[in-house]
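Here are the chains, one letter per residue:
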Amino acid sequence: MKPEILQLSPILIPEIRERLEELFVIRRYYEQSDKAAYVAEHGAAIRGVITGGHTGISQALMAQLPQLQVVAVNGVGTDAVDLAYARDRGITVTATIGALTEDVADLAIGLLIGVCRGLCTGDRYVRSGQWATSATPLVPLPLARQVSGMRIGIVGMGRVGRAVAVRAAAFGCPIRYTDLQAVDVPYGFEPYLEQLAADSDALILAAAADQGTALVDSRVLRALGPEGYLINIARGKLVDEQALVSALQAGEIAGAALDVFVDEPRVPAELFEREDIVLQPHRASATVQTRTRMGEMVVASLVDVFAGRAPKGVVV
Ligand code: 8YV
């Protein structure tokens, strides 16, 4: 009998979907309008869960799955999984560690360039026909901010933080970082985030959000200052979003580029009209290549656990 899997978020790669269908009975929770009734009907037989990094799984849902052996996170963040509860119940939690590092770092740099060079503003300007009809087409938009050589502050020097640093270094950017402690990297460690912000032209958030606290508050934003940019490719909850909106409105920082938000897919409406902002719908890992690798790791985790083998990427 094929093991039954509750799938909490979609997988977009057809080959991975086919493989999952071959190996398991897939119960698509995310497609159900009456989720409680669906779990009441199928919960007792579920042995595995597939979820996304942002979606995670609550203790309440795990509690309705008495045979649950494994939660395979199709992502690297496990802040939305109740890990303590999973550990107590002996449920294995895996993540696609290492699979998405390069893509997330690529997008961090893309966002940095995007906001500093006003790429989305320029795109809108051309598409809307404003350039063609401008009285001064040779000076179409205000001058942008140079990226090469910017002082970059990285928050979280894990896999993604390091990959961001390598890329930023190639742009001739001096790099400093903060983390819980100094790690073995050729960049300067700054224990205080506020100080790092004060010493940076752009702050790039690449930290895990397991503590659930908003590290970037109004003080950090003020320290970043009116010439400073905030880039977030980690988790929305690392930032006090209202403080960010206020800081932008007051001109306390120069701009922000965000792939993640506190209450996705809801984004503060005050951000929509601003030209000093670049917004993305949480898609830093969303390339065919990376999502294929991630999907393969999810399949392997489930197969390994059901075969009694230790899977890769075990978090708990
Ligand atoms: C994914 C993420 O978008 O890895 C994470 O923690 O948030 C993202 O890479 C997500 O997990 C896709 O399901």
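What counts as what
Residues numbered from 1 in each chain as written. Predicted model: local features only at pLDDT ≥ 70, side-chain atom pairs only at ≥ 80, totals over all residues. Heavy atoms only, no water. Near = heavy atom within 4 Å. Polar contact = N/O pair within 3.5 Å; in protein donor to acceptor, adjacent residues only side chain to side chain. Areas by Shrake-Rupley, 256 points an atom, 1.4 Å probe, with all protein chains shown as cover. Disulfide = S-S within 2.5 Å. Buried < 20%, exposed > 50% of the residue type's maximum accessible area, 1.4 Å probe, protein only. Salt bridge = Lys/Arg side-chain N within 4 Å of Asp/Glu carboxyl O. Helix = DSSP H or I, 4+ residues; strand = E, 2+ residues; numbered from the N terminus. Domains from an automatic or database assignment. Contact = heavy atoms within 4.5 Å. Buried area = accessible area lost by both parts, 1.4 Å probe.

## Observations regarding the site of the ligand
Step number 1: For the ligand, the full set of nearby residues is G52, G53, N74, G75, V76, G77, L100, R235, H282, S285 and R291.
Step number 2: Here an oxygen atom of the ligand sits 2.7 Å away from a polar atom, N or O, in the main chain of G53.
Step number 3: One nitrogen or oxygen atom from the main chain of G77 is found 2.8 Å from an oxygen atom belonging to the ligand.
Step number 4: Burial of the ligand by the protein amounts to 88% of the accessible area it has alone, namely 330 Å².

## So, the state of the cysteines
Step number 1: As enumerated under the stated definition, the model contains zero disulfides in all.
Step number 2: This cysteine, C120, is not joined by any disulfide, and C116 carries the nearest cysteine sulfur, 12 Å off.
Step number 3: Cysteine C173 remains unbridged, with the sulfur of C116 as its closest cysteine sulfur at 9.3 Å.
Step number 4: By relative accessible area, which is 7% here, C173 ends up buried.

## Let's talk about the pattern of salt bridges
Side chains that differ in sign of charge can pair as their charged atoms come close.
Step number 1: Tallied over the full model, the rule gives 16 salt bridges.
Step number 2: In this structure, the salt-bridge partner of K237 is D79, at a minimum N-O distance of 2.9 Å. Of this pair, K237 sits in the loop between strand 10 (229–232) and helix 11 (241–249) while D79 sits in the loop between strand 4 (70–74) and helix 4 (83–89), and the two are 158 residues apart along the sequence.
Step number 3: One continuous salt-bridge network, built from bridges that share partners, spans D79, R235 and K237.

## Some remarks on the domain arrangement of the protein
Step number 1: Taken domain by domain, the protein consists of domain 1 (4–99 + 288–306) and domain 2 (101–279).
Step number 2: The distance between the C-alpha centroids of domain 1 and domain 2 comes to 32 Å.
Step number 3: Every contact between the two is made by nine residues of domain 1 and, on the other side, nine residues of domain 2.
Step number 4: Together, the buried faces of domain 1 and domain 2 total about 750 Å²; carbon and sulfur atoms form 39% of this surface.
Step number 5: At the junction of domain 1 and domain 2, the tally comes to two salt bridges.
Step number 6: Put simply, R235 and D79 hold a salt bridge, and the shortest N to O gap is 3.0 Å.
Step number 7: Linking domain 1 with domain 2 are four residue pairs in polar contact (both at pLDDT 80 or more).

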